[in-house]
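Chain by chain, the residues:
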Amino acid sequence: MSRTLYKQDILEILYGATFLGAGGGGSLSFGLDMLEKLEKQGETIELELLSLDELEKDDYAAMVAGLGSPVAMLEGEFGPDAVNAFKAFQRGFAAEGKTVKYLYPGEMGGFNTFVPMMVAILSDKDPAKRIGFVDTDGNGRAVPELNTTLTDLRGYPPSPIGLGNGTGDQIIAYATDDKAAEVIARQLCMAYGQQIGFSTWGLSRDEMKEHSSVGCVTYAQKIGKVFLQLMADQNLNPVEELSKVMEIREICRGKIEKIDLKAEGGFDFGTTVILAENGARFYIDFKNENMLVRDEAGKVYLTAPDIICFMDMDTYLPLTNADTKEGMNIFLGISPVDEKWWLEDFKAYECWKPILEAIGYTGDFVRY
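Reading guide: rules and limits
- Residues numbered from 1 in each chain as written.
- Predicted model: local features only at pLDDT ≥ 70, side-chain atom pairs only at ≥ 80, totals over all residues.
- Heavy atoms only, no water.
- Helix = DSSP H or I, 4+ residues; strand = E, 2+ residues; numbered from the N terminus.
- Rg over C-alpha atoms; globule rule 2.2 N^0.38 Å.
- Buried < 20%, exposed > 50% of the residue type's maximum accessible area, 1.4 Å probe, protein only.
- Contact = heavy atoms within 4.5 Å.
- Areas by Shrake-Rupley, 256 points an atom, 1.4 Å probe, with all protein chains shown as cover.
- Lys, Arg positive; Asp, Glu negative; His and termini not counted.
- Charge placed at Lys NZ, Arg CZ, Asp CG, Glu CD.
- Axes fitted to C-alpha atoms, helices over the stretch in contact; angles between N-to-C directions.
- Parallel < 35°, antiparallel > 145°, perpendicular 65-115°, else oblique.
- Nonpolar A, V, L, I, M, F, W, Y, C, P; charged D, E, K, R; others polar.
- Core = buried A, V, L, I, M, F, W, Y, C linked by side-chain atoms within 4.5 Å.
- Pairing = 2+ DSSP bridges.
- Right-handed = clockwise from strand over helix to strand, strands pointing away.

Asks: Provide a residue-level description of the overall build of the protein chain, including the pertinent values.
Replies: Within the protein chain, the secondary structure is distributed over 11 helices and 18 strands. For the protein chain, whose C-alpha radius of gyration is 19 Å, the value lies close to the compact-globule estimate of 21 Å for 368 residues. Overall size of the protein chain, expressed as C-alpha extent along the three principal axes, is 60 × 45 × 40 Å. The proportion of buried residues among the 368 residues of the protein chain is 57%. Within the protein chain, contacts between residues separated by at least 24 positions form 73% of all contacts whose residues are at least 6 apart in sequence. A total accessible area of about 14600 Å² is found for the protein chain, and carbon and sulfur atoms account for 49% of it. Averaging the coordinates of the 35 positive side-chain charges in the protein chain and doing the same for the 57 negative ones gives two points 1 Å apart.

Asks: Go over the packing of helix 1 (residues 7-20) against helix 5 (residues 114-122) with me, naming the residues and quoting the values.
Replies: It is the contact of helix 1 with helix 5, at a shortest axis distance of 11 Å, that shows an interaxial angle of 155°. Viewed along their axes, helix 1 and helix 5 adopt a mutual orientation that is roughly antiparallel. Note on element contacts: helix 5 touches helix 1 through Phe 114, Met 117 and Ile 121, opposite Ile 10, Ile 13 and Leu 14. Its residues assigned to classes, the contact of helix 1 with helix 5 shows six nonpolar, no polar and no charged.

Asks: Lay out the environment of Tyr 15 with the relevant residues and their values.
Replies: Turning to its location among the elements, Tyr 15 is positioned in helix 1. What Tyr 15 contacts, discounting residues up to four positions off in sequence, is Leu 28, Leu 32, Gly 224, Phe 227, Leu 228, Met 231, Leu 317 and Pro 318.

Asks: Residues and numbers for the environment of Lys 40, please.
Replies: Along the chain, Lys 40 turns up in helix 2 (residues 28-40). Considering only alpha carbons, one finds Lys 40 and Asp 306, 266 residues apart in sequence, at a separation of 38 Å.

Asks: Explain the nonpolar core residue by residue, including any values.
Replies: Nonpolar side chains tend toward joint burial in soluble globular proteins. Counting residues in each nonpolar core, the largest one holds 74 residues, and the members touching the most others are Ile 10, Phe 19, Phe 114, Met 117, Leu 242, Met 311 and Trp 341. Take this core: its biggest share by element is eight residues, from helix 1. Among all residues touching Trp 341, those that are not within four sequence positions of it are Asn 139, Arg 141, Val 143, Thr 148, Thr 149, Leu 150, Leu 153, Pro 305, Ala 348, Tyr 349, Cys 351 and Trp 352. The next biggest cluster of nonpolar side chains, apart from the first, holds 23 residues, and it includes Leu 55, Tyr 102, Ile 161 and Leu 163.

Asks: Kindly report on the sheet that holds strand 9 (residues 195-204), identifying the contributing residues and their values.
Replies: A sheet is described by the order of its strands in space; here eight strands give the open sequence 1-2-5-4-3-9-7-8, paired in mixed fashion. A single partner strand is all that each edge strand has here, and the edge strands are strand 1 (3-5) and strand 8 (170-173). With strand direction ignored, the average angle separating the axes of adjacent strands in the sheet is 35°. With four bridges joining them, strand 3 (residues 60-68) and strand 4 (residues 100-104) adopt parallel strand pairing. When the sheet's bridge partners are listed, Ala 62 is paired in strand 4 with Leu 103.

Asks: Describe the pairing of strand 9, and please don't skip the residues or the numbers.
Replies: Regular strands place their side chains on alternate faces of the sheet. In terms of burial, strand 9 is largely enclosed, as 10 of its 10 residues are buried. Note: strand 3 against strand 9, eight bridges, orientation antiparallel. Paired with Tyr 60 across the strands is Ser 204, a residue of strand 9.

Asks: Explain the pairing of strand 4 to me, using residue names and the numbers behind them.
Replies: Among the five residues that make up strand 4, four are buried, leaving the element largely enclosed by the rest of the structure. Direction of pairing for strand 4 relative to strand 5 (residues 132-134): parallel, over a ladder of two bridges. In the sheet register, Leu 103 faces strand 5, and the bridge partner there is Phe 133. Each parallel crossover has a hand, and the one from strand 4 via helix 5 to strand 5 is right-handed.

Asks: Describe the side chain of Ser 212, naming the residues involved and giving the relevant values.
Replies: Mapped onto the elements, Ser 212 comes out in the loop between helix 8 (205-211) and strand 10 (213-214). Not counting the four nearest positions on each side in its chain, Ser 212 is found in contact with Thr 136, Asp 137, Glu 207, Asp 338 and Lys 340.

Asks: How would you explain unusual backbone geometry if you had to name every residue and give the values?
Replies: Of note, the bond from Ser 159 into Pro 160 is cis; its omega dihedral lies within 30 degrees of zero at -5°. Looking at the element boundaries, Pro 160 is found in the loop between helix 6 (150-153) and strand 7 (161-164). For Gln 194, which is not glycine, the phi dihedral falls at a positive 70°. Within the element layout of this structure, Gln 194 appears in the loop between helix 7 (178-191) and strand 9. One non-glycine residue, Tyr 316, lies in the positive phi region at around 60°. Within the secondary structure, Tyr 316 is located in the loop between strand 16 (307-312) and strand 17 (318-319). Exposure remark for Tyr 316: the relative accessible area of 6% places this residue in the buried category.

Shown next, in the form of structure tokens:
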């Protein structure tokens, strides 16, 4: 059944989405700051969340996200960019005889889960007339590139693409494949001052049911409620409380001893080293998102696409790799990704192999 999301609901969703982002998807602080900006601008913080079962067979939804520098987006007025990107996609999709009525997030994260909610809020001053927000996610986690997206890998390339900036430019692009789409979007992003709105993957109700992470928004909200409970009562056991709403295992608790980081090709590559409370060391290799966790002996505990997640044990905030700092007291956990990633019909999981090899791992996938 559909339900109305108010500010508290959105906060809970963003906390949970940050944890599910596996180190990426945009810092929670970006989503919260954008939410506060909307409220200060006089927008009513209210939108409708619909289950897929409430959509008609020929109803379509599209994802919308932000691409670019998090600093540029935070310091600027990101918002119109995403609205213009969605409008551009609607026009491109209409040329194919299809109408987009709804929005869904393209990935889990404190920023990109909020972007389609923001577009819905900005779609009309009257909450009753706003674009509906669908309870699904394109990936069930955050991803580094368009060619590592569940939707693309299950047979739906990103075309047409809607791109937009904050001054009203709307661009419709028709890419030949995911790699071409990535080039187009990244180049225009640089041309527009390191931020741009991005919209694509118009899916019907049944396509979303078969190829996206259904119910992921509600799932994120359940997790987010736990984080807010932990912040209110730090005597609670994080694993016990989180285990009530999700599958999760603790790898360790400890202090971030070192972060080796290098920026290359628009991505952050690196390794986070955690000195556990028992004296052991764990290494998390990442490309924007966390890719694998291993110990000093080289044993690998988990690889992408399953989820490697951080919590700050001093504040009980979920963390991305943009938030982590040396000296932080950290909870390191692992959780399973949506099962669609592991289905053998499309073998979507294989897209992670080149990334794992690029960071030096040539072994088999290690699942939750």
